[in-house]
Amino acid sequence: MAEVRLDAVRKVYAGNVEAVKGVTFDVPDGHFCVLVGPSGCGKSTLLRMIAGLETVTAGIITIGGQVVNEIEPSERDIAMVFQNYALYPHMNVYNNLAYGLRNRRTPKDEIDQRVREAARILEIEQLLQRRPRELSGGQRQRVAMGRAIVRKPKAFLFDEPLSNLDAKLRVSMRVEIKKLQRSLGTTSIYVTHDQLEAMTLADMLVVMNAGNVEQIGLPLEVYEKPASAFVASFIGAPPMNLMKVDAAQAAAMIEGAAIGIPAGGAILGVRPEDLALSLDGSQPNGGFKLDLTVAAVERVGPETFVYGNVLDGADIIVRLPGQDAPATGARVTAVARREKLHRFTADGSRRLDG
Amino acid sequence: MVERKSIGNVIPHVILWIGIAIVAFPVYLAFIGSTHDAATIANGQMPPTPGPYFFENYYRTIFVGTSMTTREPIGTMIINSFVMAIGIAVGKISISIISAYAIVYFRFPFRMWFFWVIFVTLMLPVEVRIYPTYKVAADLNLLDTYAGLILPLIASATATLLFRQFFMTVPDELVEASRIDGAGPIRFFWDTLLPLSRTNIAALFVIMFIYGWTQYLWPLLITTRDDMQTLIIGIKKMIVTSDALTEWQVVMCTVMLAMLPPVFVVIAMQRLFVRGLIESEK
Ligand SMILES: Nc1ncnc2c1ncn2[C@@H]1O[C@H](COP(=O)(O)OP(=O)(O)O)[C@@H](O)[C@H]1O
Ligand SMILES: [Mg+2]
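These numbers come from a predicted model, not from an experiment.

Student: Break down the packing of aromatic side chains for me, with residues and values.
Tutor: All chains considered together, the criterion is met by 28 aromatic pairs over all chains. Measuring from centroid to centroid gives 5.4 Å for Phe-82 of chain B and Trp-213 of chain B, while their planes differ by 75°, and the two rings are edge-to-face. Placement of the pair is Phe-82 of chain B in helix 4 (residues 74–105) and Trp-213 of chain B in helix 11 (residues 198–213), with a sequence separation of 131 residues. Owing to a relative accessible area of 33%, Phe-82 of chain B belongs among the partly exposed residues under this scheme. For the ring pair Phe-189 of chain B and Trp-190 of chain B, a centre distance of 6.2 Å and an interplane angle of 80° mean the geometry is edge-to-face. Members of the aromatic cluster, connected to one another through ring pairs, are Tyr-101, Tyr-105, Phe-106, Phe-163, Phe-166, Phe-167, Phe-188, Phe-189 and Trp-190 of chain B. Lying across the ring of Tyr-88 of chain A, Arg-147 of chain A places its NZ or CZ 5.0 Å from the centre. The ring of Phe-115 of chain B carries Arg-164 of chain B above its face, with NZ or CZ at 4.2 Å from the centroid.

Student: I'd like a rundown of the pattern of salt bridges, residues and numbers included.
Tutor: A full pass over the atoms with the stated rule returns 19 salt bridges over all chains. Between Glu-72 of chain A and Arg-179 of chain B there is a salt bridge, with the nearest N and O atoms lying 3.8 Å from each other. With one member in each of two chains, Glu-72 of chain A in the loop between strand 5 (66–67) and strand 6 (78–81) and Arg-179 of chain B in helix 9 (residues 172–180) form a pair that bridges those chains. Under the relative-accessibility criterion, Arg-179 of chain B is labelled partly exposed at 26%. Across the salt bridge formed by Lys-135 of chain B and Asp-139 of chain B, the nearest N and O atoms sit 2.9 Å from each other. Pair noted here: Lys-135 of chain B and Asp-139 of chain B are both in helix 6 (residues 130–139), with a separation of four residues, about one helical turn. Residue Lys-135 of chain B is classed as partly exposed on the basis of its relative accessible area, which comes to 40%.

Reading the values: the criteria
- Residues numbered from 1 in each chain as written.
- Chains lettered and ligands numbered in written order.
- Predicted model: local features only at pLDDT ≥ 70, side-chain atom pairs only at ≥ 80, totals over all residues.
- Heavy atoms only, no water.
- Phe/Tyr/Trp six-rings, centres within 6.5 Å; stacked < 30°, edge-to-face > 60°.
- Helix = DSSP H or I, 4+ residues; strand = E, 2+ residues; numbered from the N terminus.
- Buried < 20%, exposed > 50% of the residue type's maximum accessible area, 1.4 Å probe, protein only.
- Lys NZ or Arg CZ within 6 Å of the ring centre and 35° of its normal.
- Salt bridge = Lys/Arg side-chain N within 4 Å of Asp/Glu carboxyl O.

Written out as structure tokens, the structure is:
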């Protein structure tokens, strides 16, 4: 049980690659923090610095009040679950779980009791005598989790632990990881590039891009008020529609009172699910409207995605409930309520409010 | 399989049988030779079937030695050869696995330089550096000792490179998991790397044992006393060239006996290979 604090943490790899550019945030005790961002944005590097597998170029990392920058991974009292599980191939499941405890000179009967308890929690009791290669992907994943919980560490660190599983298993393991973390109450930091995983697991979402933290918040906060155009396009699927506009273009799209657009223009955003199609040209009062030509329609059952072209070539996605949608080539008007609009500075770096 | 004996199946079999015959014939001849008495072999009319002197010949070879010379029986030679071959195999494997471990897993100054130095020794087998090596061994009083037989031969670039290649295929996450699990460098080596290298060790052991067992030039130089010589040297010395008194039946017994340990090593290790191949993770 511990809180994890990062203070202006930087990592510069050999060859002057700055993978993490000064990251500061706290993960309160017992919270499930998810680091999400596109591949290569420095999530793993950050996690590995917390684990102690990578040196910290600058800044301070604290676990449970103790500065751990110079402390060996094994002394940090953390457990890590790797993407490829990293189970010891020559040891059976029991020994995989027990190995870390043995190295810490835990008494034999305590090891046995803790291994069996972890196996019971993860429902892998009948697999204890098997070698990793005799297990399915999902079972290996459980063993990797078991190796983490058996140690009762201050924090769990996960590096894309589900990305080697098939889609169905990924969903069920996701639910289990969340349940497990809830019941154990262990501070967790979880790295993923999958925004859906991030949204569903996090108590605290940290969105990263190119070595920087773009936004920290509750998942729904991040969804509803993305702090930058990057976050807006990264969180949510399909991504938010973003259009670069100047004041005149904005006025043409939005009825009623003018919306504040700075001199240099702005990026206007609206989520596909906040758009509706108005076939007769009528629209919510004071709202946003945009004329589209339907380019493609994707029906996935409960919902339908309509891909539209605007005159100047931009693509707009509209997400409609159900299966009714206009035919390809139809001229339609996409409409949205004005409070559903997001505005960002012209370079996308900041959200404009008010 | 039996019903599908087409011509395409027969030809490879014929070729294989010819190959086996070519390899087996001298061995068979040696065996026959080891079961006749000296006179039968010496008159050039050795029958193609085993003779009645099997036990007598082998007993003499192992415990008595050739009668016309002052040579030792081969009992001691077998022991010497064993010590040398096992010493070389174990020594080479130990040294090279540790060197490879250092080169792959540790960052130290001149790491790549050391790697290339080891690499270059591929071009320096003992035959090339025989004079300086002899001088060093002599200065260190290693003549006529087991250490002198073994130590100069145990540095092995081949084995080091092989282990390096293997270690580089071991996922980094295993090292990292070990570090988090509180296993330092030595524990990681013993608990993880060594068990994973089992198959490679077995393969190298076979090769290195045979290499050590069949060494000729080095033991010839470094040993002068009869009780330190190895089996291969012993065979050479039994074959007397100055007069016609070579006791071929004893030579053939020795040859047969010299062949057995490598054969056993191959058979024993082969089972470990196969098991290792089936069980290994990657
Ligand atoms: N050992 C390393 N040496 C040099 N550069 C690295 C190393 N590891 C990662 N990087 C670089 O750092 C950046 C961040 O990598 P990483 O943290 O693995 O990203 P992510 O996990 O978000 O996909 C990438 O540009 C990557 O190329
Ligand atoms: Mg990564």
